[in-house]
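Architecture and fold: a report
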Amino acid sequence: MRISTQQQYLNSTSNMQRSQNNLARLQEQIETGKKVNKPSDDPVASAQIQKLERELSQYDKYKSNIDVTQRRLDLESSVLDDIHTATDRMRQLAIQGGNDTLTEADRKSIANELRVTADYVAGLMNTQDSQGEYLFAGSKGGVQPYQKSPEGTYTYHGDEGQRMIQVAPDLYIPSNDSGRYLFESADDEYVFSKPGDPATSGHLTFPTDREAVYDELTFEPFIQQAGDLTVSVYMEKQTPFDPLAPVSYGYRVTDSGGNEVVGDTTLGDLANPVEVQLNGLRFDITQPRLEDFEFKREPIVNGVTAVEASDKVQAKAFTDEHGFTNYSVEFLAATGTEQGRYQIRDAANNLVEIEGETDFAYNNDQISFAGFTLSLATGAQAPTVGGSFEMRLPLEEDISNVDDVTIRDSALYNEFASSLAGGELMVEFDTDNSDAVTGYEVFSVNGGVETSLGTFTHSFDSGVPANATLDLQYNVTNPGPPVTTVATDSGLSLSLDLNNIQNGERASVRVEDDVTTTSESEHPSADVVIHTEDGRRNVLDIAINLAEALEAGITESGHKLNVDDVTADAIEQFKVANERVLTAQTAIGSRSGSLEEQLNTNLDFELFTKTTLSSIQDLDYTEAITQLRLEEVVLQASQATFTRVANLSLFDHL
């Protein structure tokens with residue numbers, strides 16, 4: 001085997017360079033005390049080291065969070081101690097204030113101390129931590145929680161939240177408590193009311209044997225956003241109709257903006273009250289009275305659906321000129337591209353002239369003249385040529401002469417409603433027969449297509465007042481044989497204004513949703529509005545209220561009873577407030593214990609991580625120095641060998 005001189009040089013140089021690199025690496029390791037100083041030293045170990053260092057950094061953050069949280073909890077506990085002492089003093093003052101032997105000067109002195117103590121407690125409630133954040137403002141650390149109004153009362157401006165601090169990978173500890181929870185819950189109740197006629201809302205009640213608000217944390221933000229709630233109870237449509245089945249009910253809930261909160265939900269036959277739970281609130285629903293159901297109605301009086309004074313200044317000028325009386329709008333045929341034409345006649349049947357014209361055009365299903373606007377129906381219910389509409393002054397919000405629609409018999413009504421494919425009922429009146437007889441035709445409307453359900457007459461006695469009731473009928477066809485048509489009671493009654501009802505007047509009544517034309521729920525329903533007020537008071541206002549009662553003095557027996565009531569209430573509420581503070585302090589103690597346990601756990605994990613990191617990264621000096629000495633010997637041997645080989649020459653042997 002031949003070994004060239006060049007190869008000998010290259011091998012010797014490579015060996016010396018490798019030894020020098022090893023020496024440099026070992027010297028760097030000894031200087032830094034670490035086996036891995038850059039990723040190229042050991043890529044796998046380098047990745048593990050980075051991961052472990054991130055874990056150690058996270059544990060440092062957790063330790064800092066625990067320290068901050070513990071300081072905040074210690075501060076809160078100390079402040080609550082002072083508030084508890086002050087509230088207990090206010091309770092003692094309330095007890096003293098109820099003493100009948102006190103003079104007016106004594107009561108005023110007690111009232112003055114109550115005010116001073118209340119201001120002192122307000123200062124404690126507005127305590128800030130070392131970072132300048134308010135301790136009892138909930139999650140709004142930059143907002144002063146308790147601010148005094150010009151009337152001398154205190155209003156809470158924080159929220160219900162808590163500052164949640166991460167002290168472990170999956171553990172968050174509250175570092176504070178909100179003032180609303182601690183100090184605004186003296187009464188700890190909400191006040192519910194049902195505006196309107198109490199008789200029409202009796203089917204919705206709040207429980208007396210259990211709390212209406214069963215989840216305050218859920219209910220509080222919900223009701224603040226929702227406002228007043230409307231609970232609508234309706235009869236569910238039976239398809240097909242079963243005469244033996246009981247009437248079934250459903251309900252839905254909307255907020256103050258008309259937005260759906262709960263969609264159509266079955267309640268059953270309501271033979272017994274049903275409890276409804278809604279975002280922390282519960283209430284009971286029973287069967288509504290039949291007269292409580294309200295129908296969505298749309299009047300169509302000879303093609304007109306609504307009248308309004310769109311410009312009151314122009315409308316007044318018109319009536320000043322032509323008289324404050326009734327006017328008739330007569331519909332004419334179109335003569336050009338307009339939708340139609342019309343004329344206006346006064347009570348004496350004279351044509352009304354406006355700006356020199358007596359014949360006017362209209363478009364876009366709307367008539368506008370002299371500050372008045374008439375909205376027109378479309379399709380089959382649009383105005384007809386030769387028809388007329390009587391515009392009566394003063395204008396009424398509802399132009400319909402059908403004053404009300406009520407359910408008289410729920411079983412008959414359910415059978416009738418189940419037979420209407422589109423869920424819409426149309427009634428057209430005919431007053432041409434005589435003053436004592438009203439004729440009417442009943443239509444079922446499905447997708448704008450009308451189907452007659454029969455024409456009927458109804459005789460009213462001469463002694464019947466102007467506001468009369470019409471029990472609505474419709475025809476049912478029996479297949480036979482033989483095929484027969486039977487006039488059937490719909491279970492509905494219409495209240496009519498007989499003095500003003502016009503020939504050809506129509507009333508559209510929605511008895512069921514028509515999902516093909518609208519997504520809005522249109523069931524006739526018994527509606528109840530729930531208005532909610534926060535009945536809770538803070539201890540500051542309770543103290544001020546008591547001070548005002550004591551300062552007013554006792555000049556008569558009625559006033560003395562008021563002072564006694566205020567005093568008794570204050571004594572009880574101060575007691576409740578102190579109990580809430582003690583409960584909070586207990587919770588703070590539990591949190592502190594959890595923090596201490598978690599700190600120890602974190603230290604154990606940190607020690608384990610550091611040990612693992614050391615095994616991967618830290619240098620064994622004995623082993624490294626030994627390797628360094630070995631590499632020095634190897635390098636010296638390589639250098640000595642290279643020198644001798646380099647001096648060898650073939651010419652020395654010739």
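Reference entry: report on the structure contained in this document. (Residues numbered from 1 in each chain as written. Predicted model: local features only at pLDDT ≥ 70, side-chain atom pairs only at ≥ 80, totals over all residues. Heavy atoms only, no water.)

Under the criterion given, the structure shown has 25 salt bridges. With its nearest N and O atoms 3.0 Å apart, the salt bridge here joins Lys 316 to Asp 320. Of this pair, Lys 316 and Asp 320 both sit in helix H6 (residues 312-322), four residues apart, which is roughly one turn of that helix. One salt bridge in this structure joins Glu 450 and Arg 506, with 2.6 Å as the shortest N-O distance. Remark: Arg 506 occurs in strand E26 (residues 505-510) and Glu 450 occurs in strand E23 (residues 449-459); sequence separation between them is 56 residues. Using a relative accessible area of 23% as the deciding quantity, one classes Glu 450 as partly exposed. Salt bridges sharing common partners tie together Arg 72, Asp 129, Glu 133 and Arg 163. (Salt bridge = Lys/Arg side-chain N within 4 Å of Asp/Glu carboxyl O. Helix = DSSP H or I, 4+ residues; strand = E, 2+ residues; numbered from the N terminus. Buried < 20%, exposed > 50% of the residue type's maximum accessible area, 1.4 Å probe, protein only.)

Below, the discussion takes up empty space enclosed by the protein. Summed over the entire model, instances satisfying the criterion amount to three cavities of 30 Å³ or more. In this structure, the largest cavity spans a volume of roughly 50 Å³. Lining the largest cavity are Tyr 234, Met 235, Glu 236, Lys 237, Tyr 413, Asn 414, Ala 417, Val 511, Glu 512, His 523 and Pro 524. If you list the elements that add at least two residues to the lining of the largest cavity, you get strand E7 (229-235) and helix H7 (410-419). For the lining of the largest cavity, the element with the most residues is H7, which contributes three residues. For the lining of the largest cavity, the per-class residue count stands at six nonpolar, two polar and three charged. (1 Å grid on protein atoms, 1.4 Å probe; cavity = no way out; pocket = protein on both sides within 12 Å on 5 of 7 lines; lining within 4 Å. Points joined across faces, edges and corners; volume = space filled by probe spheres on them. Nonpolar A, V, L, I, M, F, W, Y, C, P; charged D, E, K, R; others polar.)

The sheet built from four strands is open, its strands ordered E16-E15-E14-E19 with antiparallel pairing. Edge strands, defined here as strands with exactly one partner in the open sheet, are strand E16 (360-362) and strand E19 (388-391). Each neighbouring strand pair of the sheet contributes to a mean axis angle of 30°, computed without reference to strand direction. Pairing of strand E14 (residues 327-332) with E19, which is carried by four bridges, proceeds in the antiparallel orientation. Looking at the pairing, Ser 328 lines up with Glu 390 of E19. (Pairing = 2+ DSSP bridges. Axes fitted to C-alpha atoms, helices over the stretch in contact; angles between N-to-C directions.)

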